[in-house]
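# Fold and geometry: a report
Here is how the chains run, residue by residue.
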Amino acid sequence: MALVRWDPLREIERWDPFPEMGSLQRQMNRLFEQLLPTDGGERGGLTFIPPAEISETDGNLNLRVEIPGLDAKDLNVEVTPEAVSISGERKSETTTEGEGITRSEFRYGKFKRVIALPTIVDNERVGAEYKDGILRLTIPKAESEKQKAVKVRLG
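Let me begin by describing the structure that accompanies this report.

Here the focus is the pattern of salt bridges. Using the criterion set out here, one finds 5 salt bridges in the structure. Between Glu 56 and Lys 141 there is a salt bridge, and its shortest N-O distance comes to 2.7 Å. Pair noted here: Glu 56 is in strand S1 (residues 52-56) and Lys 141 is in the loop between strand S7 (134-140) and helix H3 (143-146), with a separation of 85 residues, a long-range link. Given a relative accessible area of 9%, Lys 141 falls into the buried group. For Arg 125, the salt bridge goes to Asp 122, with nearest N and O atoms at 2.7 Å. According to the relative accessible area criterion, Asp 122 is partly exposed, its value standing at 24%. Look at the salt bridges and you will find they share partners, linking Asp 71, Lys 73 and Asp 74 into a network.

Here's what the structure looks like:
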């Protein structure tokens, strides 16, 4: 009877991670193509998200939102004591140019952005200005938040 030795290195299958990484990359590319259309259409769930900047003073929150290409009448702004909701629609301008092909990278369609506020506000005294594509909101803090002081125990 012949003696057969078991060699564990021959039994191990070599794993190559690169084909799996390529598959993962293709899946991620498909996901981003669905969410962020590059043809100006409304295929995905995210067509346009306006960038925002918020700053705080003793009495107010100052919110700036960049929404170029819209008229003030096309915007809907709602302020609750806890959040600001901004929605609207950027309508596409259809132009025909003979037989040429036009490429558009502008985003069209409806959008909505809800921004949580860092403090409770008095939503009945909000000041708003929309100029040069920038929406500026001056939102006064609630009186209870202005006078809020917390005693810290050292111990």
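With that out of the way, let us pick up the sheet that holds strand S4 (residues 83-90). Within the open sheet, the 3 strands sit side by side as S3-S4-S5. Their pairing is antiparallel. The sheet terminates laterally at strand S3 (75-79) and strand S5 (109-116), the two strands that pair on one side only. Ignoring which end each strand starts from, the neighbouring axes of this sheet average 10 degrees apart. Note: S3 against S4, 5 bridges, orientation antiparallel.

Locating Ala 83 in the fold gives a position in strand S4. When the C-alpha positions of Ala 83 and Ile 115 are compared, they lie 5.5 Å apart, and in sequence the two are 32 residues distant. In this structure Ala 83 touches Glu 78, Val 114, Ile 115, Ala 116 and Leu 117, once residues within four positions along its chain are discounted.

Let us now look at the environment of Pro 68. Within the secondary structure, Pro 68 is located in the loop between strand S2 (60-66) and S3. Take Pro 68: its relative accessible area is 36%, and that puts it in the partly exposed class. When the C-alpha atoms of Pro 68 and Gly 133 are compared, they prove to be 4.0 Å apart, with 65 residues separating the residues in sequence. In contact with Pro 68, not counting residues within four places along its chain, are Arg 90 and Gly 133.

This part takes up the nonpolar core. Of all hydrophobic cores here, the largest spans 17 residues; its most connected members are Val 65, Ile 67, Val 84, Ile 86, Phe 111 and Ile 139. Elements supplying a minimum of two residues to this core: S2, S3, S4, S5 and S7. What Ile 139 contacts, discounting residues up to four positions off in sequence, is Gly 59, Asn 60, Leu 61, Val 79, Val 84, Leu 117, Val 121 and Val 126.

With that out of the way, let us pick up the sheet that holds S2. Two pairing modes exist for strands in a sheet, parallel and antiparallel, and in both the strands are linked by backbone hydrogen bonds. Ordered by their spatial adjacency, 4 strands build an open sheet running S1-S2-S7-S6, and the pairing between neighbours is antiparallel. In the strand order of this sheet, the two ends are held by S1 and strand S6 (127-131), each with one partner. Within this sheet the neighbouring strands show an average axis-to-axis angle of 15 degrees, counted without direction. The pairing of S6 with S7 spans 5 bridges and is antiparallel. Considered in S7, the bridge of Tyr 130 is made with Leu 135.

About the thresholds
- Residues numbered from 1 in each chain as written.
- Predicted model: local features only at pLDDT ≥ 70, side-chain atom pairs only at ≥ 80, totals over all residues.
- Heavy atoms only, no water.
- Salt bridge = Lys/Arg side-chain N within 4 Å of Asp/Glu carboxyl O.
- Helix = DSSP H or I, 4+ residues; strand = E, 2+ residues; numbered from the N terminus.
- Buried < 20%, exposed > 50% of the residue type's maximum accessible area, 1.4 Å probe, protein only.
- Pairing = 2+ DSSP bridges.
- Axes fitted to C-alpha atoms, helices over the stretch in contact; angles between N-to-C directions.
- Contact = heavy atoms within 4.5 Å.
- Core = buried A, V, L, I, M, F, W, Y, C linked by side-chain atoms within 4.5 Å.

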